[in-house]
Protein chains: 2
Amino acid sequence: MSGADLGKHLEGIPALFDRHEIAPYCTDWHGDRTTGALAVVRPGTTGEVARTMRACRELGLAMVPSGGRTGLVDGHLPDAPDRTVVIALERMNRIRALDADNFVAHVDAGCVLQTVKDAAAEQGLHFPLALGAQGSCQIGGNVATNAGGLNVLRHGMMRDLVLGLEVVLPDGTIWDGMSSLRKDNRGPALHHLFCGAEGAFGIVTGASLKLSPLPDRSVTALFALATLEDCVTFFRMARRNCSDLLSAFEFLPSDAFEVARIAMPDLPRAVDESHGAYALIEIASSGYVDPAALMEQLAEDAMAEGLVVDGALAASVAQSRELWLMREALNEGQARMGPHLRTDVSVPLSEVARFVNETTAALAAALPAARALAYGHLGDGNIHFNVHADPPHRAACLPAAKTIIMERVAAFGGSISAEHGIGRQKREALRTGASPEHHRTLLALKHALDPDGLMNPGCLL
Amino acid sequence: MSGADLGKHLEGIPALFDRHEIAPYCTDWHGDRTTGALAVVRPGTTGEVARTMRACRELGLAMVPSGGRTGLVDGHLPDAPDRTVVIALERMNRIRALDADNFVAHVDAGCVLQTVKDAAAEQGLHFPLALGAQGSCQIGGNVATNAGGLNVLRHGMMRDLVLGLEVVLPDGTIWDGMSSLRKDNRGPALHHLFCGAEGAFGIVTGASLKLSPLPDRSVTALFALATLEDCVTFFRMARRNCSDLLSAFEFLPSDAFEVARIAMPDLPRAVDESHGAYALIEIASSGYVDPAALMEQLAEDAMAEGLVVDGALAASVAQSRELWLMREALNEGQARMGPHLRTDVSVPLSEVARFVNETTAALAAALPAARALAYGHLGDGNIHFNVHADPPHRAACLPAAKTIIMERVAAFGGSISAEHGIGRQKREALRTGASPEHHRTLLALKHALDPDGLMNPGCLL
């Protein structure tokens, strides 16, 4: 099989065949590893995606869909370069319709998340998915990985924000499941099958997205607490007292400030940074409810109960942004510290503190050179439990740390992937960790939809 | 095959073989039609459900799961009495754990919805699914039909309230997908496959349910408006100004009061009942937000804009209950008017008024004897468009009315089933209405999971 043979089948559809042009599509997010592909096809319409897929099928070639390539589990990295075609959705970047009357946006899969958020905001509407990568990740990838992020607490994961999808099925036919209906109970909701399936069941080409009213007021605060246990108690208090208006509740250790300052040395000191735990909270509302009044009352009550020991309420949009910048700088700071272990695990909310404390202690006992940094989305029980080590110890330390963390996740009934998905990195762990019934059912679905196994082989299953 | 043969295979599991005892399990909700079954098996544990299913499989018998039997599309009615076993989950009615720390309830599929709601409320928590049938419908049926109801606007359908499931698969193995995790992105979320599948893919035996803080304050109001168009405008205004605290937004025609009084003659007159449209609204909150203040401000602004022309705010829990009683009496009043056409359709929110007005006019033109009554969950675009006719005209009028309504639903891009599911009544309509790709994919899933077609045959697919 050569690129030229494929080219003949794809007449009129732009494609890259040059190894150097292909490389960026086959490189992981950290830039550590590049595989390759026979070609990168760049269809501009759903019909062209279908034509590409039928051609690949005819030629017995594997297909890997490609979006913003910001996934952290290598879902977009072909395993067999000489038998794989990358299908990049980036040219399909049209907002098909922004239907403000129905609080719905119909978009191409290749739309960048931020573009959709901006277009909604222009109409006074809100697409609430919020991720670090939102400036480059694409909607199709958000669907395929069932993306999470900062606002899951209030608005759910990507699947909760999808009303319908358009998918090219493995046989090259187009399933049009786009919808403006809020409620449609005609049997099993097929679009859920494709959320989190990482391209294994077909390629998402369009999505109908649920919009909310744009919050016209939003207030952020950073609170210091004595312990992570207090932080969990504080979350429950906030959840109850703020009804459904709590849009983010992140927890951080005191180390986080120092790490963030590696990337952002001028980061102001909003609170005393020597306490046991920190909570970064956002309350947002539109219309009649004043989120600042809620936040103030929450702070007052939490202080009166002795939970919160220090705090900073952002008094302006600029101050809010500063508090969130710290959270982003934390990622960048870690990157600058060099290669490290990143995890994305979850445990039941009630176990978060015990999980973090016991795992940190276990790491300290077994691996004195390891430096743990655990933070995340507290309300979702989602912890990014990362581990750093200086170069001489790194190669030995990080895999050992991973084993210790994953053993604890299993013991606490947690998940090895809270939001990043399975991809290629966690495929083996899914296989060994899932029950036989679970795995057998997944394989039965895969076989039913993609009997020849041409869709993103090596990813997920 | 005789009941005695089956009995041997089910040693120790209670079962009914008497035709009269079986009849209630095989009768539709309105009591119009009874089929039958070889037996009604009443397992008390998940293991017994699995044993029952393996026995049926061995004997080549079809299986129909049975919950509270309040479904409106005959999903629980066996087609072939001499080859079908009903598996009733009613003895599996244990709340396995109410985990307040994690805002989760783990329950048996046979728990009555109201029991779960009450148990949650005792711990200050809220299971928000709210249906007319909540005193007798069961959680397993809620999952299998992806139940909707009054609070979908804020809390979603049943699938949105499920964190995990336990399901006995068609081959008799148990898939344990119960979960206390808020966030778990390990590949496709299998539990979504069983929500709305009406028993076609397996039998749900347990569910992990998301709980919210119990609203400690809730306020209801009934508003009169000139037209249904105004009602839609008013909804958008309320949705935007009340953030995510609007928990119900029902619309009603002025006729509704008269019909409700057939069942409840003493129903007080809360507002002038001669206007073009009515909105019944609930705002609920826990903690700091005062829903009454929001409702008052909403009423004031809507009156100032000339949208709302009359209104009654419930000043007490008793008054709130009275307003909601009217909504319930509307169902009962229709039942007393005799057999009638009930539909459960949806259209995009922006089309609700035009759909109702045009369909009403089309009915009036074609069928002078028909009396339309359209009401429903406005925020979801879900309309119960029902039609009554006096006995002499009934037999001719109702089927003709159904054709007219369903033609309009298709023309407006709507759904023939917004919340009731497909069951046996809408199976043919699903088959003819769905695209070939949609139907083929559903059949592929069915074949993958239930190759022998023993699970609830004749329902859904």
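Computed from a predicted model, the values in this text were never measured in an experiment.

Undergrad: I'm lost on the UniProt feature "domain: FAD-binding PCMH-type" (unreviewed entry) in chain A in this one. Help?
TA: Look at the UniProt record and you will see "domain: FAD-binding PCMH-type" (unreviewed entry) annotated at residues 33-214 of chain A. Along residues 33-214 of chain A, the helical share is 21% and the strand share 25%, with 40 Å between the first and last C-alpha atoms.

Undergrad: Teacher, can you tell me more about the relation of the copies chain B and chain A here?
TA: Put simply, the second copy of the chain is the first one after a rotation about an axis and a shift along it. Mapping chain B onto chain A calls for a screw motion: a turn of 180° about the axis and a shift of 0.0 Å along it, with 0.0 Å RMSD after fitting. Those values place the two copies in the arrangement expected of a two-fold rotation axis. Counting the interface residues of chain B, we find that 100% of their copies in chain A are interface residues as well, pointing to one common contact surface.

Undergrad: Is there a simple way to explain the pattern of salt bridges in this structure?
TA: Oppositely charged side chains may form a pair once their charged atoms are brought near each other. Counting across every chain of the model gives 50 salt bridges over all chains. Via salt bridges that share partners, Glu 351, Arg 354, Glu 358 and Arg 408 of chain A belong to a single interconnected network.

Undergrad: Which parts of the structure should I look at to understand the pairing of strand β3 (residues 62-66) of chain B?
TA: Successive residues of a regular strand alternate their side chains across the two faces of the sheet. Residue and element names in this part refer to chain B. Counting buried residues along β3, five of its five residues qualify, which places the element largely inside the surrounding structure. Where burial is concerned, the two faces of β3 agree: the one with Ala 62, Val 64 and Ser 66 and the one with Met 63 and Pro 65 are both buried. Two strands pair when backbone bridges link them, and β3 and strand β4 (residues 84-88) are joined in this way by five bridges, in the parallel orientation. In the strand pairing of β4, Val 64 is matched with Val 86.

Undergrad: Which parts of the structure should I look at to understand the nonpolar core?
TA: Inside soluble globular proteins, nonpolar side chains tend to come together where they are buried. Counting 236 residues, the largest nonpolar core has Ile 139 and Phe 234 of chain A together with Ile 139 and Phe 234 of chain B as the members making the most contacts within it. Once residues lying within four places of it in the same chain are set aside, the contact partners of Phe 234 of chain B are Phe 223, Leu 225, Phe 249, Ala 279, Ile 281, Leu 298, Ala 302, Leu 307 and Val 308 of chain B.

Undergrad: Looking at this structure, how should I read the environment of Ile 281 of chain B?
TA: Residue and element names in this part refer to chain B. By the secondary structure assignment, Ile 281 is in strand β14 (residues 277-285). Along the backbone, Ile 281 and Ala 238 are 43 residues apart, and their C-alpha atoms lie at a distance of 9.3 Å. When sequence neighbours within four positions are dropped, the list of residues in contact with Ile 281 reads Val 219, Thr 220, Ala 221, Phe 223, Phe 234, Leu 246, Ala 248, Phe 249, Met 295 and Leu 298.

Undergrad: Just to check I follow, could you spell out the sheet that holds strand β1 (residues 15-16) of chain B for this structure?
TA: Strand-to-strand pairing in sheets goes through backbone hydrogen bonds, with the strands running parallel or antiparallel. Residues and elements named next belong to chain B. Spatially, β1-β2-β4-β3 is the arrangement adopted by the four strands of the open sheet, whose pairing is mixed. The sheet is open, and its two edges are formed by β1 and β3, each paired on a single side. The sheet contact formed by β1 and strand β2 (residues 39-41) spans two bridges and is antiparallel. When the sheet's bridge partners are listed, Leu 16 is paired in β2 with Val 40.

Procedures and definitions
Residues numbered from 1 in each chain as written. Chains lettered and ligands numbered in written order. Predicted model: local features only at pLDDT ≥ 70, side-chain atom pairs only at ≥ 80, totals over all residues. Heavy atoms only, no water. UniProt positions renumbered as here; feature names shortened; annotations may be inferred. Helix = DSSP H or I, 4+ residues; strand = E, 2+ residues; numbered from the N terminus. Least-squares fit on C-alpha atoms with pLDDT ≥ 70 in both. Contact = heavy atoms within 4.5 Å. Salt bridge = Lys/Arg side-chain N within 4 Å of Asp/Glu carboxyl O. Buried < 20%, exposed > 50% of the residue type's maximum accessible area, 1.4 Å probe, protein only. Pairing = 2+ DSSP bridges. Core = buried A, V, L, I, M, F, W, Y, C linked by side-chain atoms within 4.5 Å.

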